[in-house]
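# Structural overview
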Amino acid sequence: MNGPGNIFFTVVKDKPVCLICNEAVAVFKEYNISRHFTSEHKNSNYEAMSEYERKQNVESLCKKLLGRQKFFKKVNTIQEAATHASYIVPYNIAKNYKALSDGEFVKQCTLQVCDFLCPDKKNNFQTVSLSRKTVTSRIEAIDKKLTSQLESKIGQFKFCSIAMDESTDINDTAELVLFIRGVDENFEITEELACMRSLKGTTKGCDIFREFQQGLLTLKVPIKNICNITTDGAPNMTGKKSGFLGLFNQNYPGNNVVFLHCVCYTSRCSV
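What counts and what doesn't
- Residues numbered from 1 in each chain as written.
- Predicted model: local features only at pLDDT ≥ 70, side-chain atom pairs only at ≥ 80, totals over all residues.
- Heavy atoms only, no water.
- Helix = DSSP H or I, 4+ residues; strand = E, 2+ residues; numbered from the N terminus.
- Contact = heavy atoms within 4.5 Å.
- Areas by Shrake-Rupley, 256 points an atom, 1.4 Å probe, with all protein chains shown as cover.
- Buried < 20%, exposed > 50% of the residue type's maximum accessible area, 1.4 Å probe, protein only.
- pLDDT = per-residue confidence, 0-100.
- Patch = residues over 30% accessible without salt bridge, like charges linked within 9 Å, V, L, I, M, F, W, Y side chains within 5 Å.
- Salt bridge = Lys/Arg side-chain N within 4 Å of Asp/Glu carboxyl O.
- Pairing = 2+ DSSP bridges.
- Expected span 1.5 Å × (residues − 1).
- Arc of directions from axis to C-beta.
- Core = buried A, V, L, I, M, F, W, Y, C linked by side-chain atoms within 4.5 Å.

Counting its regular elements, the protein contains eight helices and seven strands. In the protein, of all internal contacts separated by at least 6 residues, the share reaching a separation of at least 24 is 55%. Total accessible area on the protein stands at roughly 17,700 Å², and carbon and sulfur atoms take up 54% of it.

If you want it as structure tokens, here you go:
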């Protein structure tokens with residue numbers, strides 16, 4: 001028994017592992033390895049084997065262990081690929097304003113295509129979850145990730161400008177849309193749709209100002225970094241007393257923000 005291999009041990013991730021029972025030994029010392037073999041497999045057929053038989057069995061057990069490791073690695077790889085794929089379809093569903101239930105239709109079509117092109121891979125496609133519930137959760141996860149990335153960008157802005165517009169969606173619900181454009185210390189410019197806030201009830205200047213504040217608070221936009229705000233020319237936006245402009249100046253006196261109008265409607269987000 002001169003060496004781990006002769007007493008049916010191999011090394012897996014810097015740990016000695018018994019080839020017979022697949023248990024790992026905490027300390028990589030010959031005494032610990034020998035004690036495990038003696039206590040756990042003393043009366044087994046392995047102890048009575050000759051050196052040649054031991055060598056043959058060690059090689060065979062090593063191949064079996066390697067095969068199991070490759071199998072589980074392959075399974076994990078397929079699962080990871082299936083999880084990644086389950087984000088691609090919801091992303092395109094959201095991007096193209098499709099129904100959340102379309103994920104199941106896409107999967108059904110994909111499986112039928114697999115029957116002709118790659119029937120041996122059909123089980124891999126079957127593991128991709130595209131139920132309405134999964135599509136919804138994936139879109140929410142993508143939204144959180146994109147929001148987090150935008151927050152990180154905003155945190156690096158030295159100056160930024162805001163473009164605002166209030167309009168109604170297909171359900172006649174008033175929506176306030178905020179676009180942000182900022183520049184960091186490396187003069188890298190970022191321009192994104194910051195948020196969309198629902199205006200429930202009235203669309204007065206105080207309602208717009210409230211949702212504006214909530215939007216900036218959510219994205220952690222410092223007021224001191226804002227150098228320009230562009231709105232349309234409606235009274236609820238430009239009113240100097242009860243309009244958004246007037247309320248902004250009342251709540252943030254001494255600001256250096258330049259107010260402009262109108263919003264370029266060709267670049268508006270469809271709400």
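Time to look at unusual backbone geometry. Residue Tyr97 is not a glycine yet carries a positive backbone phi of 55 degrees. Mapped onto the fold, Tyr97 is located in the loop between helix 2 (51–95) and helix 3 (102–117). Classification of Tyr97 by relative accessible area gives exposed; the value is 68%. Here the phi dihedral of Phe187 falls at roughly 65 degrees; this positive angle occurs in a residue that is not glycine.

Moving on, we come to the confidence of the model for the protein. Looking at the protein as a whole, its pLDDT mean stands at 81, while 75% of the residues score no less than 70. Contacts from residues 1–5, a stretch scored under 50 in pLDDT, to residues over four places away or in other chains number nine contacts. Confidence drops under pLDDT 50 across residues 266–271; counting only partners more than four residues distant or on other chains, this segment forms 14 contacts.

A word on a nonpolar patch on the surface. On the surface, a cluster of nonpolar side chains totalling about 400 Å² of accessible area is made up of Val113, Phe116 and Leu117. Looking at where Phe116 falls in the secondary structure, it is placed in helix 3.

The side chains of a regular strand alternate between both faces of the sheet. Relative to strand 4 (residues 174–184), strand 3 (residues 157–168) runs antiparallel, the two being bridged by 11 bridges. Across the sheet, residue Ser161 finds its bridge partner in strand 4, namely Arg181. With antiparallel pairing between neighbouring strands as the criterion, strand 3 and strand 4 make up a hairpin whose turn holds five residues, including Asp172 at a positive phi of roughly 65 degrees. Bridge count for strand 3 against strand 6 (residues 226–231) is four bridges, and the pairing is parallel. Paired with Ala163 across the two strands is Thr230, which belongs to strand 6.

Bringing helix 5 (residues 132–154) into the picture now. For helix 5, which comprises 23 residues, the first-to-last C-alpha distance of 33 Å matches the rise-based estimate of 33 Å (1.5 Å per residue) to within 8%. Restricting attention to buried positions, one finds in helix 5 the residues Thr134, Val135, Arg138, Ile139, Ile142, Leu150 and Ile154.

Our focus in this paragraph is helix 3. For helix 3, which comprises 16 residues, the first-to-last C-alpha distance of 22 Å matches the rise-based estimate of 22 Å (1.5 Å per residue) to within 8%. Along helix 3, the residues that are buried comprise Gly103, Lys107, Leu111 and Cys114. In a view along the axis of helix 3, the buried residues occupy a sector of 80 degrees, so they form one face of it. Facing away from the buried surface of helix 3 by more than 90 degrees, the exposed residues are Phe105 and Phe116.

Our focus in this paragraph is the nonpolar core. Core analysis: the biggest nonpolar cluster contains 26 residues, and Ile162, Met164, Leu178, Phe212, Ile226, Ile229 and Phe244 have the highest contact counts within it. Going through the elements one at a time, helix 5, strand 3, strand 4, strand 5 (189–199), helix 6 (205–219), strand 6 and helix 8 (244–251) are the ones with two or more residues in this core. Discounting chain neighbours no more than four positions away, the residues touching Leu178 are Ile162, Ala163, Met164, Leu193, Ala194, Cys195, Phe212 and Leu216. Formed by seven residues, the second largest nonpolar core is a distinct cluster that contains Ala82, Leu130, Val135 and Ile139.

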